[in-house]
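One letter stands for each residue in the lines below.
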Amino acid sequence: DGGAWHGLPRPRLDLQSFNEDREAIRAKERELKSLESRPQALGRRKVMFAGFAEFDMDGRVHTAGEMDRLMLHAASAKYPCARPATFDEYSDTCIAGLPERNFTGRDIVFVGPGATGCELNHTNTLGAQKAMVPPGDALDGTWGSASLYGRKCVIC
């Protein structure tokens, strides 16, 4: 016979197990896709703590969006591929590996719409304040005040 089957090479017997594996993978992909459509099924998403980055914040001359971009530049300059933590990630305690206390010696501020405190005259231009955690306070998702300017830290 010489390994030929009606003039063609014999089919490999392990192709059936390959097809079964492929079907199992496809079934798992369908299951994960259905979970993605229901975020509550996956639970809270976590982000990884990389460290702290310092920057100069001045809400007297920058809008909230401009300060967010300054924080992004500071975070990515110190930790490539990192970004600053949002206020929602902090307040929902979604930052894995975050230290228990603010040991930086500086106020920690956050990006995003939830991080912007009171704006003067409700103009959303200059005078934007950012929610902050003072030095020595617990990093447990709570905050008590907002800050307008000074040397600050962001969680990366």
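Each remark here, short or long, concerns the structure printed above.
*Asks:* Kindly report on the pattern of salt bridges, identifying the contributing residues and their values.
*Replies:* This model, assessed by the stated rule, comprises 7 salt bridges. Here E89 makes a salt bridge to R83, at a shortest N to O gap of 2.5 Å. A relative accessible area of 39% means that R83 is categorised as partly exposed. Where K152 meets D107, a salt bridge forms, and the shortest distance between an N and an O atom there is 2.8 Å. Taken as a pair, K152 in strand 9 (residues 149–155) and D107 in strand 6 (residues 107–109) lie far apart in primary sequence, 45 residues in all.

*Asks:* Give me the pairing of strand 9: which residues, what numbers.
*Replies:* Two elements, strand 4 (residues 52–58) and strand 9, share 7 bridges in a ladder whose sense is antiparallel. Within strand 9, the residue paired with F55 across the bridge is K152. As defined by bridge partners, strand 6 adjoins strand 9 across 3 bridges and the pair is classed as parallel. Paired with I108 across the strands is C153, a residue of strand 9.

*Asks:* I'd like to hear about helix 3 (residues 64–78), residue by residue, with values.
*Replies:* Taking 1.5 Å per residue, 15 residues should reach 21 Å; helix 3 reaches 21 Å between its end C-alpha atoms and fits that length. Every buried residue of helix 3 is listed here: A64, M67, D68, M71, A74 and A75. Within helix 3, the buried residues cover an arc of 125° as seen down the axis, which keeps them to one side. With respect to the buried face of helix 3, the exposed residues turned more than 90 degrees away are H73 and A77.

*Asks:* Could you give an account of the sheet that holds strand 8 (residues 145–147), with specific residues and numbers?
*Replies:* Adjacent strands of a sheet pair through backbone hydrogen bonds, lying either parallel or antiparallel. The 5 strands lie next to each other as 4-9-6-7-8, forming an open sheet whose pairing is mixed. At either margin of the open sheet sits one strand with a lone partner, and together these are strand 4 and strand 8. The mean angle between the axes of side-by-side strands here comes to 50°, regardless of whether they run parallel or antiparallel. Each of strand 4, strand 6, strand 7 (130–133) and strand 9 touches helix 3; the most contacted strand, strand 4, lies at about 150° to it.

What counts, and at which threshold
- Residues numbered from 1 in each chain as written.
- Predicted model: local features only at pLDDT ≥ 70, side-chain atom pairs only at ≥ 80, totals over all residues.
- Heavy atoms only, no water.
- Salt bridge = Lys/Arg side-chain N within 4 Å of Asp/Glu carboxyl O.
- Buried < 20%, exposed > 50% of the residue type's maximum accessible area, 1.4 Å probe, protein only.
- Helix = DSSP H or I, 4+ residues; strand = E, 2+ residues; numbered from the N terminus.
- Pairing = 2+ DSSP bridges.
- Expected span 1.5 Å × (residues − 1).
- Arc of directions from axis to C-beta.
- Axes fitted to C-alpha atoms, helices over the stretch in contact; angles between N-to-C directions.
- Contact = heavy atoms within 4.5 Å.

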